[in-house]
Every structure is written in C-alpha cells, then in structure tokens.
Amino acid sequence: NNVTERSNMISKKDLLIQTNISYGQLYRWKREGLIPEEWFVKTSTQTGQETFFDEDLIIPRINKILDLKDEFSIDDIKNILILNLAILFFRFKN
C-alpha cells in the first residue's frame, strides 16, 4: 500500500512550492509543535526516500499558520490550533 497511491497525498517538494514556504520553515514549525510529527509520512520511492503529507490536513494548517504568524507568537498559534481541534472534536461528538 504505497503512500503515493493515496489520492490526497502531496510530496514535500510540491507542498513547499504550492505554499511558498521554505524547507527550514516547515521543519521549524514541526519542531515548534505546529505541525504534528505523524503528518510527515516517509516512504521509499524510485529516487530514494521522500516525505509526503495528507493534502487535506497540511494545506489548511500551513495557511492558518501563515495567516496568524505575523500577529501571534508561536505559543499563541499552538493554542489557537489546539482550540480549533477541540471545537471540531466537540462538534463531531455532538
């Protein structure tokens, strides 16, 4: 079950191009806890190992971080993202 065969997966390279962020920025946000470690799906390809992401999760997350980063601290953004997740979970359960 190859990751690249899943329809909504995007490669790291394509993600960086589409969102216009740098490799360093992506991994800084990962280190800071803004993007979960488990969203980085490493898989073997013909050219070695590549990282893929679920496009439906990663694109909205990056757009949200980009919207908030000039106004809020990293800790504030983390809290906003956690709060959004809690609200979604609450709505889903009820």
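Bear in mind the structure is a predicted one, so any value in this text is a computation, not a measurement. (Residues numbered from 1 in each chain as written. Predicted model: local features only at pLDDT ≥ 70, side-chain atom pairs only at ≥ 80, totals over all residues. Heavy atoms only, no water.)

(A) Region of the structure containing the pattern of salt bridges. By the definition in use, this model includes 3 salt bridges. Close ionic contact of Glu37 with Lys30 constitutes a salt bridge, the shortest N to O distance being 3.5 Å. For Glu37, a relative accessible area of 49% corresponds to the partly exposed category. Notably, a salt bridge pairs Asp75 with Lys78, separated by 3.9 Å at the nearest N-O pair. A residue pair is termed a helical-turn pair when its members lie 3 or 4 positions apart in one helix, as Asp75 and Lys78 do in helix H4 (residues 74–93) at 3 residues. A residue is classified by how much of its surface remains accessible, and Lys78, at 27% relative accessible area, is partly exposed. (Salt bridge = Lys/Arg side-chain N within 4 Å of Asp/Glu carboxyl O. Buried < 20%, exposed > 50% of the residue type's maximum accessible area, 1.4 Å probe, protein only. Helix = DSSP H or I, 4+ residues; strand = E, 2+ residues; numbered from the N terminus.)

(B) Up close: the sheet that holds strand S1 (residues 9–11). Strand order in the open sheet formed by 3 strands is S1-S3-S2, with antiparallel pairing between adjacent strands. Every interior strand has two partners, whereas the edge strands, S1 and strand S2 (41–45), have only one. Going across the sheet, the axis of each strand differs from the next one's by a mean of 45°, ignoring polarity. Sheet topology note: the S1/strand S3 (residues 48–54) ladder contains 3 bridges and is antiparallel. Paired with Ser11 across the bridge in S3 is Phe52. Sheet strands touched by helix H1 (residues 12–19): S1 and S3. Its angle to S1, the strand with the most contacts, is close to 85°. Where helix H3 (residues 55–68) meets the sheet, it contacts S1 and S3, and its direction lies at approximately 75° from that of S3. (Pairing = 2+ DSSP bridges. Axes fitted to C-alpha atoms, helices over the stretch in contact; angles between N-to-C directions. Contact = heavy atoms within 4.5 Å.)

(C) Geometry of the packing of aromatic side chains. One pass over the structure, following the stated rule, counts 3 aromatic pairs. Measuring from ring centre to ring centre gives 5.2 Å for Tyr27 and Phe40, while their planes differ by 55°; the resulting arrangement is tilted. In this pair, Tyr27 sits in helix H2 (residues 23–31) while Phe40 sits in the loop between H2 and S2, placing the two residues 13 residues apart along the sequence. A relative accessible area of 7% means that Phe40 is categorised as buried. (Phe/Tyr/Trp six-rings, centres within 6.5 Å; stacked < 30°, edge-to-face > 60°.)

(D) Spatial organisation of the packing of H3 against H4. With their axes 11 Å apart at the nearest point, H3 and H4 run at an angle of 135° to one another. What the angle tells us is that H3 and H4 run oblique. Handedness of the crossing formed by H3 with H4: right-handed. Every residue of H4 that contacts H3 at Arg61, Lys64, Ile65 and Leu68 is listed here: Ile77, Ile80, Leu81, Asn84 and Leu85. Of the residues contributing to the contact of H3 with H4, the split by class is 6 nonpolar, 1 polar and 2 charged. (Parallel < 35°, antiparallel > 145°, perpendicular 65-115°, else oblique. Left-handed = near helix turned anticlockwise from the far one by under 90°. Nonpolar A, V, L, I, M, F, W, Y, C, P; charged D, E, K, R; others polar.)

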